[in-house]
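Chain by chain, the residues:
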Amino acid sequence: MKSHFSKEKLTLVNELIYEIKIKEAMSAEVIFFNEKATFREIQLTLKEKKISGVPILDKNSELVGIVSIDDIITAFDRGYIDEEITPYLTREVITVPQNFSVVYAIRLFEKYGVGRLPVTVSLKNKKVVGIITMSDILNALLLEVQTIAEKVKEKEAKDKLFSEKISKSVTRKPLQFEVRSDDFTNAGRVASITKKYFQNLGVNPEIVRRIAIVCYELEMNICIHSLGGSITVKMDNHQQVEIIARDKGPGIPDIDLALKPGFTTASEKIRALGFGAGMGLPNAKRCADKLKVESSLKSGTVLKAIIYLGEKNEVKKDN
Amino acid sequence: MIIGDLINILNAEILCGRKYLDREIKDFGACDLLSDILAYSKEDYALLTGLTSLQVVRTAEITGAIAIVFVRGKLPSPEAIGLAKSHHIPLLKTDELMFNSCRKITEELIKEKHNTK
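Residues numbered from 1 in each chain as written. Chains lettered and ligands numbered in written order. Predicted model: local features only at pLDDT ≥ 70, side-chain atom pairs only at ≥ 80, totals over all residues.

**Considerations on the overall build of chain A**
Working step 1: Along the backbone of chain A there are 11 helices and 10 strands.
Working step 2: In chain A, buried positions account for 30% of the 319 residues.
Working step 3: Sequence separation of at least 24 residues holds for 62% of the intrachain contacts in chain A that already meet a minimum separation of 6. (Helix = DSSP H or I, 4+ residues; strand = E, 2+ residues; numbered from the N terminus. Buried ≥ 20, exposed ≤ 12 C-beta atoms within 10 Å, placed from the backbone. Contact = placed C-beta atoms within 7 Å.)

So this is what it looks like as structure tokens:
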């Protein structure tokens, strides 16, 4: 029979049959008999429960054999249907350990032409904990596929909500803040407000974090090193956030040096607050996707940081 | 480990944020330099610090800390406590030194890891 599914399309199912463990698919409620049962008793149960075979367990729950409909028919045929099963039991029974993936059970079904397999604790411990059939496996697969489909739907709905929110906010004005020199009581508020703003828009938390850190570093820079300035945060056509920090001076004499980790001009007072490790600009550069610094000793400094809203850009590793 | 566990581990006192003590701590940071916190911290972490300024709470909030432990018996300013309250960040205080605090937490983490094996 030619299947209309191509092999490539079934990759997901292929992966799943390797991922799903037998214990997740099996039925743990096992109908079993002990060695003292008769074929007749078993036949009645098979009929009543509409199953095709039962495992035979000893008093330690260990498997000693299996009785299937075939065995019952043979018993009928040869006239020992009312006898105890013990002498007629096939002792060599194929089992599957519960921790194996269902693909193993599928292979055994094919290889031995059986429809059900007793599931044991492990390869060594032959205590029976369940029974697995092809329909159990199909059920588990369908359930798993459904769960995945639901997750995909959920994500799609979330993404849609996110882009709707973003497109609404595009029409909003950019956030604008004044940052005063030496005002340590209020320093950090820009970052805090900006963080909340993007959190509410549903932006990926890792990106929100980077936006907040860049804001904070730029804000502290204005507060510590400049004569005062402003920070503008705006979102450009759904794709990126632009943070612009402007100050009124005095300007950075050597930008390359300022971007070097560990370089600082901070005073003792600033250091006592926990700042001034010379990590501000390098850290802002690390968290932003792009950082441009323009500075003049006349008009002051303009810092422009860009962070992409897509999920692809991970935080760059320290260099 | 949850935030509340730190009370026993460090013999700590809660300064605010009792309601949020059941949050799970995913990482720790021990820093007396705000710039380092900004550069190296991870989401949902607990910060151990000897700094007590308002800016510590700010930095913690911005970097996504879920708790701050002040070591060496230091008390933060009322403004810092107020800011932490408004951002739902529990503040704890311990008399332990930074090194000892880190050691005690590490020992507990190793125990936890061992027990889950």
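Continuing now.
**A few points about the packing of helix α8 (residues 205-225) of chain A against helix α11 (residues 280-287) of chain A**
All names here are of chain A.
Working step 1: At a closest axis distance of 9 Å, the pairing of α8 and α11 adopts a crossing angle of 155°. The angle between α8 and α11 places the two elements in the roughly antiparallel class. α8 and α11 meet at a crossing whose hand is left-handed. For the pair formed by α8 and α11, the contact residues are Arg210, Ile213, Val214, Glu217, Leu218, Met220 and Asn221 on the first element and Gly280, Asn283, Ala284 and Cys287 on the second.
Working step 2: Classifying every residue of the contact of α8 with α11 by side-chain character gives six nonpolar, three polar and two charged. (Axes fitted to C-alpha atoms, helices over the stretch in contact; angles between N-to-C directions. Parallel < 35°, antiparallel > 145°, perpendicular 65-115°, else oblique. Left-handed = near helix turned anticlockwise from the far one by under 90°. Nonpolar A, V, L, I, M, F, W, Y, C, P; charged D, E, K, R; others polar.)

**Concerning the nonpolar core**
A general trend in soluble globular proteins is that nonpolar side chains are found buried together.
Working step 1: In terms of nonpolar packing, the biggest core is built from 74 residues, with Val214, Cys215 and Leu218 of chain A together with Ala46, Ile68 and Val69 of chain B touching the most fellow members.
Working step 2: Considering each element in turn, this core owes the most residues, 13 residues, to α8 of chain A.
Working step 3: When neighbours within four sequence positions are excluded, Leu218 of chain A is seen to be in contact with Ile231, Ile243, Ala245, Ala284, Leu303 and Ala305 of chain A.
Working step 4: By size, the runner-up hydrophobic cluster in this structure holds 25 residues, among which are Met26, Leu57, Ile66 and Ala140 of chain A. (Core = buried A, V, L, I, M, F, W, Y, C linked by C-beta atoms within 7 Å.)

**Re the confidence of the model for chain B**
Working step 1: On average, residues of chain B score 91 in pLDDT, and 99% of them reach the 70 mark or higher.
Working step 2: As a predicted assembly, this complex carries a pTM of 0.59 together with an ipTM value of 0.84. (pLDDT = per-residue confidence, 0-100.)

**Considering the sheet that holds strand β3 (residues 96-97) of chain A**
All names here are of chain A.
Working step 1: Strand order in the open sheet formed by three strands is β3-β4-β5, and the pairing between neighbours is mixed. Of all the strands in the sheet, just β3 and β5 (128-133) have a single pairing partner and so form its edges.
Working step 2: Of the strand pairs in this sheet, strand β4 (residues 116-120) and β5 are connected by five bridges, and their pairing is antiparallel. For Arg116, the partnering residue across the bridge sits in β5 and is Thr133. (Pairing = 2+ DSSP bridges.)

**A short note on the environment of Lys196 of chain A**
Working step 1: Within the element layout of this structure, Lys196 of chain A appears in helix α7 (residues 189-200).
Working step 2: For Lys196 of chain A and Val208 of chain A, which are 12 residues apart along the polypeptide, the C-alpha to C-alpha distance reads 8.6 Å.

**Details of the sheet that holds strand β10 (residues 300-308) of chain A**
Residues and elements named next belong to chain A.
Working step 1: Read across the open sheet, the five strands follow the order β6-β7-β8-β10-β9; overall the sheet is antiparallel. The open sheet has two edge strands, β6 (175-179) and β9 (290-296), and neither has a second partner. Sheet twist, expressed as the average angle between the axes of neighbouring strands with direction ignored, equals 10°.
Working step 2: Across eight bridges, the pairing between strand β7 (residues 229-236) and strand β8 (residues 240-247) is antiparallel. Following the sheet pairing, Val233 is matched in β8 by Ile243.
Working step 3: Together, β6 and β7 form the strand contacts of α7, whose direction differs from that of β6 by roughly 165°.
Working step 4: Sheet contacts for α8: β6, β7, β8 and β10; angle to β8, the most-contacted strand, approximately 5°.

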